[in-house]
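As a plain string of letters, each chain reads:
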2 protein chains.
Amino acid sequence: MVVSPIRKGTHTRNMIVEKAAILLNQKGYIHSSVYDVMRETGLQKGGIYNHFRSKEELTIEAYRFAVTQMRIEFEKALLEAHNSLEALFEVLEVFRNLAHGHPLKGGCPTMNIAIESDDADPVLCEEARNTMSQLHKTVQMVVSSGKTRRELIPACDPEQVATILISTVEGALMLSKLFQDTVYMDRAVTHLQSYLTSFVSKREENQGENAYESK
Amino acid sequence: MVVSPIRKGTHTRNMIVEKAAILLNQKGYIHSSVYDVMRETGLQKGGIYNHFRSKEELTIEAYRFAVTQMRIEFEKALLEAHNSLEALFEVLEVFRNLAHGHPLKGGCPTMNIAIESDDADPVLCEEARNTMSQLHKTVQMVVSSGKTRRELIPACDPEQVATILISTVEGALMLSKLFQDTVYMDRAVTHLQSYLTSFVSKREENQGENAYESK
């Protein structure tokens, strides 16, 4: 088969983005240099800058590639769930897998960019803000739909649940990566499973009050 | 008053460490350069390397200075508490203050170093591991002492509580910094207050079971 130059160019560009995503998610998005990407891809500087106007453009493409990998996992998780509690549990499993290096090594790309960029790089910070905002809204939407379908009790606040879920798994991911021990993530998931279960509507009890959060 | 050269040297060294701590906690520990420190301190390169053998030595000193600022806050918090629940609540307030930029701008130095270094710098990563491990043990110790004094129920697991507390506030701090909105930290603190209160021993009920975590 004859590969057209345009297709070959796209192939090389995709290869650079993919390898850069893995590299930058581990070594840092802002400060990894184009030389690091050259080492990883086996390309010369010119071979990289043929495809990207700047290191910044490559960084953002690599980050978006990493985010897409995560989004695929979240979408699969949500598709597999039969109700809102299962959907939230599946989201927790995506984070548990991330602590095991799947689908990406280096942890959560958005937390990594957030920590690196929040006081240092407004453009990347805005990217992280958009992605994190989408994740927060997805969790809120699952909770709201669960309330509408009376699977979750009325006292369950979508914004509160989204913040607690995301904060806890992101913090636990940081601990698990730091100590190279997934027990921290396991504890966080166990805790959040209990927390979320406490919002499950007991229809036979006429949607009784949540004994925990409504104290 | 005549200032001796030795005292002047110590004064300059301390000034460098203090300014570097503020800078590196915001702009990054690994990748901020000695030129950034020069700009911040108004010193020439030689004036800095008079006091530190390397950028790495300055980075570690700056990080330890930042950690000491945090440790002072934790110690004050623990001293003010009358029982274990109050002590845990006070620890939460230290993190809430941190989301407001007190005592340090730039968030939690240990989380910052953890995210930057876990796949990139073994020496700094080990520093972060030691500090985080100490914080984890402090929370565990407060919980254990609360159980011994029968303020907290026997089912309350010190390691679990320490992981949940630290994960949730660290994750919330990341969100609050990213969105420049302390509501995320406020939600985390409210959640953890409920969570911790659910472990309080009800002596009149013969230390009844925890309705939440023991589900």
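Residues numbered from 1 in each chain as written. Chains lettered and ligands numbered in written order. Predicted model: local features only at pLDDT ≥ 70, side-chain atom pairs only at ≥ 80, totals over all residues. Heavy atoms only, no water.

### Considering the overall build of chain A
If you tally the helices and strands in chain A, you get 9 helices and 0 strands. Dimensions along the principal axes, computed over C-alpha positions, put chain A at roughly 70 × 40 × 30 Å. Per-residue burial over chain A gives 51% buried out of 215 residues. Excluding contacts between residues fewer than 6 apart, the proportion of contacts in chain A whose partners are at least 24 apart in sequence is 66%. In the form shown here, chain A has an accessible surface area of approximately 10,100 Å², with 51% of it arising from carbon and sulfur atoms. With 24 positive and 28 negative side-chain charges, chain A shows a separation of 5 Å between the mean positions of the two kinds. (Helix = DSSP H or I, 4+ residues; strand = E, 2+ residues; numbered from the N terminus. Buried < 20%, exposed > 50% of the residue type's maximum accessible area, 1.4 Å probe, protein only. Contact = heavy atoms within 4.5 Å. Areas by Shrake-Rupley, 256 points an atom, 1.4 Å probe, with all protein chains shown as cover. Lys, Arg positive; Asp, Glu negative; His and termini not counted. Charge placed at Lys NZ, Arg CZ, Asp CG, Glu CD.)

### Considerations on unusual backbone geometry
Residue and element names in this part refer to chain A. Along the chain, histidine 102 connects to proline 103 via a cis peptide bond; the corresponding omega equals 5°. Among the secondary structure elements, proline 103 is positioned in the loop between helix H5 (84-99) and helix H6 (109-117). For arginine 150, which is not a glycine, the phi torsion comes out positive at approximately 60°. Relative to the helices and strands, arginine 150 is located in the loop between helix H7 (122-148) and helix H8 (158-179). With a relative accessible area of 53%, arginine 150 lands in the exposed category.

### Here's the deal with the packing of helix H5 (residues 84-99) of chain B against helix H8 (residues 158-179) of chain B
When two helices pack together, their arrangement is given by the angle between their axes and by how far apart the axes lie. All names here are of chain B. Direction vectors running N to C along H5 and H8 enclose 20°, while the axes themselves pass 10 Å from each other. In terms of orientation, H5 lies roughly parallel with respect to H8. In the packing of H5 onto H8, the handedness of the crossing is right-handed. Between H5, through Leu88, Val91, Leu92, Phe95, Leu98 and Ala99, and H8, the contact on the second element is made entirely by Leu165, Val169, Glu170, Leu173 and Ser176. Per-class residue counts for the contact of H5 with H8 are 9 nonpolar, 1 polar and 1 charged. (Axes fitted to C-alpha atoms, helices over the stretch in contact; angles between N-to-C directions. Parallel < 35°, antiparallel > 145°, perpendicular 65-115°, else oblique. Left-handed = near helix turned anticlockwise from the far one by under 90°. Nonpolar A, V, L, I, M, F, W, Y, C, P; charged D, E, K, R; others polar.)

### Looking at the packing of aromatic side chains
In total, this model carries 8 aromatic pairs over all chains according to the counting rule given. In this structure, arginine 187 of chain A is placed above the aromatic ring of tyrosine 184 of chain A, and the distance from its NZ or CZ to the ring centre is 5.4 Å. (Phe/Tyr/Trp six-rings, centres within 6.5 Å; stacked < 30°, edge-to-face > 60°. Lys NZ or Arg CZ within 6 Å of the ring centre and 35° of its normal.)

### Some remarks on the pattern of salt bridges
Residues and elements named next belong to chain A. Within this structure, the stated rule accounts for 24 salt bridges over all chains. With a shortest N-O distance of 2.9 Å, arginine 53 and glutamate 57 are connected by a salt bridge. A relative accessible area of 18% means that glutamate 57 is categorised as buried. Glutamate 151 serves as the salt-bridge partner of arginine 149, at 3.7 Å between the closest nitrogen and oxygen. Relative accessible area serves as the criterion here: at 43%, arginine 149 is assigned to the partly exposed category. Accessibility expressed as a relative area gives 18% for glutamate 151, which makes it buried. Salt bridges sharing common partners tie together Arg13, Arg53, Glu57 and Glu61. (Salt bridge = Lys/Arg side-chain N within 4 Å of Asp/Glu carboxyl O.)

### Section: the nonpolar core
One finds Leu165 of chain A together with Leu165 of chain B to be the most contacted residues of the largest nonpolar core, which totals 136 residues. Once residues lying within four places of it in the same chain are set aside, the contact partners of leucine 165 of chain A are Leu88, Val91, Leu92, Val139, Leu192 and Leu196 of chain A. (Core = buried A, V, L, I, M, F, W, Y, C linked by side-chain atoms within 4.5 Å.)

### What to know about H5 of chain A
All names here are of chain A. Across its 16 residues, H5 extends 23 Å between first and last C-alpha, which sits within 8% of the 22 Å expected from 1.5 Å per residue. Turning to H5, its buried residues are Ser84, Leu85, Ala87, Leu88, Val91, Leu92, Val94, Phe95, Arg96, Leu98 and Ala99. Check the buried side of H5 and you find it contacts helix H4 (55-80), H7, H8 and helix H9 (183-197). The opening residue of H5 is asparagine 83, an N-cap whose side-chain oxygen sits 3.1 Å from the backbone nitrogen of leucine 85. Just downstream of H5 lies glycine 101, where phi reads positive at about 90°. (Expected span 1.5 Å × (residues − 1). Polar contact = N/O pair within 3.5 Å; in protein donor to acceptor, adjacent residues only side chain to side chain.)

### Points about the packing of H8 of chain A against helix H7 (residues 122-148) of chain B
Following both chains from N to C, one finds H8 of chain A and H7 of chain B inclined at 120°, their axes separated by 10 Å at the closest point. Taken together, H8 of chain A and H7 of chain B sit at an angle that is classed as oblique. Of the two elements, H8 of chain A crosses H7 of chain B, and the hand of that crossing is left-handed. In contact with Met174, Leu175, Leu178 and Phe179 of chain A of H8 of chain A, H7 of chain B contributes Cys125, Ala128, Arg129, Met132 and Ser133 of chain B. Its residues assigned to classes, the contact of H8 of chain A with H7 of chain B comprises 7 nonpolar, 1 polar and 1 charged.

### Quick look at the interface of chain B and chain A
Residue-level contacts link 42 residues of chain B with 44 residues of chain A. Here chain B meets chain A over a buried area of about 4,400 Å², counting both sides, of which 62% is carbon and sulfur. Taken together, the connections running from chain B to chain A amount to 4 salt bridges. With its nearest N and O atoms 2.6 Å apart, the salt bridge here joins lysine 177 of chain A to aspartate 119 of chain B. Where chain B meets chain A, there are 16 residue pairs in polar contact (both at pLDDT 80 or more). Only helix H1 (5-27), helix H6 (109-117), H7, H8 and helix H9 (183-197) of chain B provide two or more residues apiece to the side of chain B that touches chain A. For the side of chain B that touches chain A, the element with the most residues is H8 of chain B, which contributes 15 residues. Looking at the side of chain B that touches chain A, its residues break down into 18 nonpolar, 14 polar and 10 charged. (Buried area = accessible area lost by both parts, 1.4 Å probe.)

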